[in-house]
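# Secondary and tertiary structure notes
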Amino acid sequence: MKRILFLLAISLTAAKAQEIIRPALSSETAFAIVVDDKTYQEARSEISAYQKSVESDGLGTYIIVHNWKTPEEIKTILHQLYQDKKQPLEGAVFVGNIPIPMIREAQVLTSAFKMSEKLKWENSSVPSDRFYDDFDLQFDYLKQDDHADRQLYHYYKLRHDSPHYIEMDIYTGRIKPAVSGDKDNSVDQIKAYLTKLVQVRQERNPLNQMIVSTAHGYNSQSTISWGNELLAFRSSFPGLFEQGNSIKFLNYRNADFLKYNLLTELNRPELDFAFMTGHGTATLQLLNGYPDVSSPQSSMVNVGRYIRSKMVAAKERDRDLEKVKADFQKSLGLNDKWFDDAFSPERAIEDSVFNQNMDIHAEDLTHVNARVVYLNSCLTGSFHKKDYLAAYYPFSSGKNVVAFANTIGVLQDLWGTNLLGILQYGSRVGHLLKKTAFLETHIFGDPTYHFEAGKAGELNQLLAGKHAKKKDWYNTLKTPQADLQSYALTELFRLEDEKILSQKLVEIFKTSPFESVRTQAYFLLRKYDNPLYKQVLDLALNDNYEYIKRKALYDINDMGESKYTDRIAERYLSDQELSRSIYRINWMFQFFDYDKMLGSLERYLGDNPNVYNASSLLEGARKKVNYEKTKAAALKALLASDKTPEKELLSEIRSLRLYRHHSVVPEVLKIAQNTNAGKELRLTAIEALSWFGQSYQKPLIIDTLRLLGNGTDDQEIKNQSLKTIRSVSDATWRQF
């Protein structure tokens, strides 16, 4: 401890730090409040009260103050505190104007982000505090943004020798208000939040009131997928279904304006936790689309709104309105009357009110009482912007103190409910983030906040993990709580021998009644990527939990092995009621050996007397496969031709990050090896292969790029080759 404090003092002295306040409490682990000096000078008493509040909960807390210039200054201090053997750091919170790492060349660490990094850096980089909380990740510094409004932005790229998966060492949070308009009252907001936070932390409030809402456009579009999630919530939160407790499920189908019901629930004084799934933007929480209707009259109302919105948008963009009108008339078969009121003032007001009521806006969030909210949506956590929606939750006048949200777009098919149930047993919210975060996932508010539970103190010491042994996690595995079992598996993965744990995971997958435990077992075996994983993969295709089935299809798609065509055809026949799985299978047809896929479909569907519509299913699949076969042949020819323009090659190769055509990997590798090709084209080809980490072509990619990297003097080609090799090798460790 003395050595760590000595090194810390040196770091702070060298950086001319204004002040460091050490913990007044000796505890097994520690927490750090990192704050800029201006905020600290104005909110000293509130920050001190927050420190005391955290320490009263048994967690020794540092306050570290400085006029921070770079993220490295903070990371160095946090890492030193983490290495303290007597009181190691378990988490930190960043208060006020703290440098923002903007991460580049690390899109494999996100759930879905694939924007071209040729676009503006402030848009094509990922704001992420994984720079601070995952010490194994290695970055090269690029530059500080020189724009006056973006001075906190510091750009980094992921190094080729860094791990290409996330395994956080500490948890982090941000206490950073939103600022709209010209007046910046951030410090006043921080002071008010911290004052409220200290009061809320004194409540000793158990998690016994929860809501789950699903907006349009996510898995709620599939009623079976949505229904399966309800069953998973019952497994993860069994106590909420007992008399005296409450869990409510809100669905966009139940109201033209879900917003009214949702805001009413969020304002309930007794509400503890709100898990909300839907689309989002930096400043909007999207809830409803046009109403799902079947009557002719209501359908006509929807069409009218649609046409008016398109005509108004065309006018704002100064487009030829007559041409736009003619195009819609032709495509939709509409006559002139549909366009008569496109610019009517009365209709404009009516449509404006309707559109406003479809979504949650910042001004709707003045008073939120749900203590913790989870925004399972895109962009609402864009804290690098002055104004971002997630901030309005903890900085409202209600009792909300924590919001989970994402800085960029996220994958819809994430395991959003992963480990949520640990919160009801008193886990600090930071422990949830630590196990589930992607590059984009963040906590806004106090990451040490937890709900009241009988053994919360013991649980948090266990989850901090510094002194826990294998026997502790095996004992946890014996508890009847699903998500504590699931958490224990993640720790045993870290501590136990692969051979022993693999067998245990297979047994658990076969026998556990809990959706979350089976899903965790599946993902951990996937990390091993051993023969037992392939055994469980086959079982997963028949699991009763729709999400596991769907993720197994994702993985088979990313493998591309022809041996799975029979299994794909079998699911295509048996899972017609699962719209998201059938959508995925239709997507998969383009990536497998076409003749073998057709043969499998013929075997399962051809002249099958047990399937009422076998012939129509087969014909639809046959058309799809043959169409994709023609497209794939054209793609292969385009990539192989020396006459294809470079611009077209770049576009097609970049698309492989999403459209993983395994069969064209040899052509892409030839482009990567072609010393006569342009540097940008070669680098793009190498980088695109980073997304083929589960492909049957993986050995070819690694071997070819290793030879390429070793045989070139071009440092960029060498580094990108090494980076792709690392990314491909680490692929199964990424949870999607």
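Residues numbered from 1 in each chain as written. Predicted model: local features only at pLDDT ≥ 70, side-chain atom pairs only at ≥ 80, totals over all residues. Heavy atoms only, no water.

## Concerning the overall build of the protein
How we decide: Each helix is a run of DSSP H or I of at least 4 residues and each strand a run of E of at least 2, with the numbering of both proceeding from the N terminus. A radius of gyration in this sense is built from C-alpha atoms; the matching globule rule multiplies 2.2 Å by the number of residues raised to 0.38. Think of it in three bands: with a 1.4 Å probe and only protein chains considered, a residue is buried below 20% of the maximum accessible area for its type, exposed above 50%, and partly exposed in between. Between two residues, a contact is recorded if the distance between any of their heavy atoms is within 4.5 Å. Using the Shrake-Rupley algorithm and a 1.4 Å probe, accessible areas are obtained, with residue cover drawn only from the displayed protein chains.
Looking only at helices and strands, the protein has 29 helices and 17 strands in total. In terms of C-alpha radius of gyration, the protein reaches 27 Å, essentially the compact-globule figure of 27 Å for 736 residues. By its C-alpha atoms, the protein is 75 × 70 × 55 Å across when sized along the principal axes. Scored against the burial criterion, the 736 residues of the protein give a buried share of 58%. In the protein, of all internal contacts separated by at least 6 residues, the share reaching a separation of at least 24 is 77%. Of the accessible surface of the protein, which amounts to about 30800 Å², a share of 50% is contributed by carbon and sulfur atoms.

## Some points on the pairing of strand E16 (residues 402-406)
Here is the rule: What makes two strands pair is DSSP finding at least two bridges between them.
Within E16, five of the five residues are buried, leaving the element largely enclosed by the surrounding structure. Both faces of E16 are covered, namely the face carrying Val-402, Phe-404 and Asn-406 and the face carrying Ala-403 and Ala-405. Note: strand E15 (residues 372-376) against E16, three bridges, orientation parallel. Note that in E16 the partner of Val-373 across the bridge is Ala-403. Pairing of E16 with strand E17 (residues 441-445) involves five bridges; the strand directions are antiparallel. Of the residues in E17, the one forming a bridge with Phe-404 is Ile-443.

## What about unusual backbone geometry?
For residues besides glycine, phi is generally negative; the peptide bonds are generally trans as well. Positive phi, normally seen in glycine, also occurs at Leu-379, with a value near 70°. On the secondary structure map, Leu-379 appears in the loop between E15 and E16. Taking the relative accessible area as the measure of exposure, Leu-379 reaches 31% and is therefore partly exposed. A positive phi angle, close to 50°, is found at Asp-529, a residue other than glycine. Following the sequence through the fold, Asp-529 ends up in the loop between helix H18 (515-528) and helix H19 (531-540).

## Remarks on the environment of Asp-57
As for its position among the elements, Asp-57 is in the loop between helix H3 (44-56) and strand E3 (60-66). Distance in space between the C-alpha atoms of Asp-57 and Gly-457 is 8.1 Å, their sequence separation being 400 residues. Excluding anything up to four places from it in sequence, Asp-57 contacts Arg-201, Arg-428 and His-450.

## Description of the packing of aromatic side chains
Operational definition: In this analysis, rings of Phe, Tyr and Trp, with Trp reduced to its six-membered ring, are considered paired at centre separations within 6.5 Å, and the interplanar angle assigns stacked below 30 degrees, edge-to-face beyond 60, and tilted for intermediate values. In this analysis the charged atom, NZ for Lys or CZ for Arg, is taken to sit over a ring once it is within 6 Å of the ring centre and within 35 degrees of the ring normal.
Under the criterion given, the structure shown has 37 aromatic pairs. With 5.2 Å between their ring centres and 40° between their planes, Phe-275 and Tyr-374 make a pair best called tilted. One end of the pair, Phe-275, is in strand E12 (residues 273-277); the other, Tyr-374, is in strand E15, with 99 residues separating them in the sequence. Taken as a pair, Phe-275 and Tyr-374 share a single burial class, namely buried. Put simply, the rings of Phe-233, Phe-237, Phe-241, Phe-249, Phe-273, Phe-275, Tyr-374 and Phe-404 pair up and form one aromatic cluster. Here the basic side chain of Lys-143 rests over the ring of Trp-121, its NZ or CZ set 4.5 Å away from the ring centre. Seen from the ring of Phe-241, Arg-234 lies directly overhead, with NZ or CZ sitting 4.6 Å from the centre.

## Observations concerning the confidence of the model for the protein
Close inspection of predicted coordinates is inappropriate for parts of the model with low pLDDT. What counts here: As a per-residue quantity, pLDDT reports the predictor's confidence and falls between 0 and 100.
For the protein, the mean per-residue pLDDT works out to 92, and 97% of the residues sit at or above 70. Every residue in residues 1-7 is under pLDDT 50, and counting partners more than four places away or in other chains gives 11 contacts. Counting interchain partners and residues more than four positions distant, the pLDDT-below-50 stretch residues 10-15 has nine contacts.

## Side note on helix H24 (residues 614-640)
Since the α-helix advances by 3.6 residues per turn, residues separated by three or four positions end up pointing in the same direction. Rule in force here: What a helix should span is 1.5 Å times the count of its residues minus one.
Between its first and last C-alpha atoms H24 spans 38 Å; for 27 residues at 1.5 Å apiece the expected length is 39 Å, and the two agree. Listed as buried for H24 are Ala-614, Leu-617, Leu-618, Ala-621, Val-625, Glu-628, Ala-632, Leu-635, Leu-638 and Leu-639. The elements touched by buried residues of H24 are helix H21 (565-574), helix H23 (594-605), helix H25 (646-655) and helix H26 (665-673).

## Re empty space enclosed by the protein
If you roll a probe as big as a water molecule over the atoms, it shows you where there is empty space left. Basically, it comes down to this: Computed over the protein atoms alone on a 1 Å grid, cavities are sets of points where a 1.4 Å probe fits but cannot get out and pockets are open sets with protein on both sides within 12 Å along at least five of seven lines; a residue lines them when it has an atom within 4 Å of a point. Grid points are joined across faces, edges and corners, and a volume is the space filled by probe spheres set on the points. The nonpolar class holds Ala, Val, Leu, Ile, Met, Phe, Trp, Tyr, Cys and Pro. Asp, Glu, Lys and Arg form the charged class, and all remaining residues, Gly among them, are polar.
All told, the structure shown has four cavities of 30 Å³ or more when counted by the stated rule. Volume-wise, the second largest cavity comes out at about 150 Å³. Forming the walls of the second largest cavity are 13 residues, and the residues nearest its centre are Tyr-374, Leu-414, Trp-415, Gly-416 and Thr-436. Of all the elements in the fold, those that place two or more residues in the lining of the second largest cavity are E15 and helix H13 (429-436). Here the residues of the lining of the second largest cavity are counted per class, giving six nonpolar, seven polar and no charged.

## Topic: the packing of helix H10 (residues 296-316) against helix H11 (residues 321-332)
Counted only if it meets this: Throughout, an axis means a line fitted to C-alpha atoms (over the contacting stretch in the case of helices), and angles, computed between N-to-C directions, take values from 0 to 180 degrees. Should an angle fall under 35 degrees it is called roughly parallel, over 145 degrees roughly antiparallel, and 65 to 115 degrees roughly perpendicular, with every other angle called oblique. When the near helix sits turned anticlockwise from the far one by under a right angle, the crossing is termed left-handed; a clockwise turn instead gives a right-handed crossing.
Put simply, H10 and H11 touch, their axes get as near as 10 Å, and they point 150° apart. The orientation of H10 with respect to H11, classified from their angle, is roughly antiparallel. The hand of the H10/H11 crossing is right-handed. Residue-level contacts link Tyr-306, Ile-307, Lys-310, Met-311, Ala-314 and Lys-315 of H10 to Leu-321, Val-324, Lys-325, Phe-328 and Leu-332 of H11. Taken together, the residues that form the contact of H10 with H11 break down as eight nonpolar, no polar and three charged.

## Here we look at the sheet that holds strand E6 (residues 126-127)
In spatial order, the strands read E6-E5-E8-E7; together these four strands make up an open sheet with mixed pairing. Edge positions in the sheet fall to E6 and strand E7 (139-144), since each has one partner strand and no second. When E7 meets strand E8 (residues 153-158), the two strands line up antiparallel, connected through five bridges. Residue pairing in the sheet places Tyr-141 in a bridge with Tyr-156 of E8.

## What to know about the side chain of Asp-575
With respect to the helices and strands, the residue Asp-575 is situated in the loop between H21 and helix H22 (579-588). With residues near it in sequence (within four places) discarded, Asp-575 still touches Lys-549 and Ile-582.

## Quick look at the layout of surface pockets
The computed volume of the largest pocket comes to approximately 990 Å³. Every residue lining the largest pocket is counted, 33 residues in all, and those nearest its centre are Glu-105, Glu-117, Leu-683, Glu-687 and Gln-720. Those elements giving two or more residues to the lining of the largest pocket turn out to be E7, E8, H25, helix H27 (679-688) and helix H29 (715-729). When residues of the lining of the largest pocket are assigned to their parent elements, the largest contribution, five residues, is made by H29.

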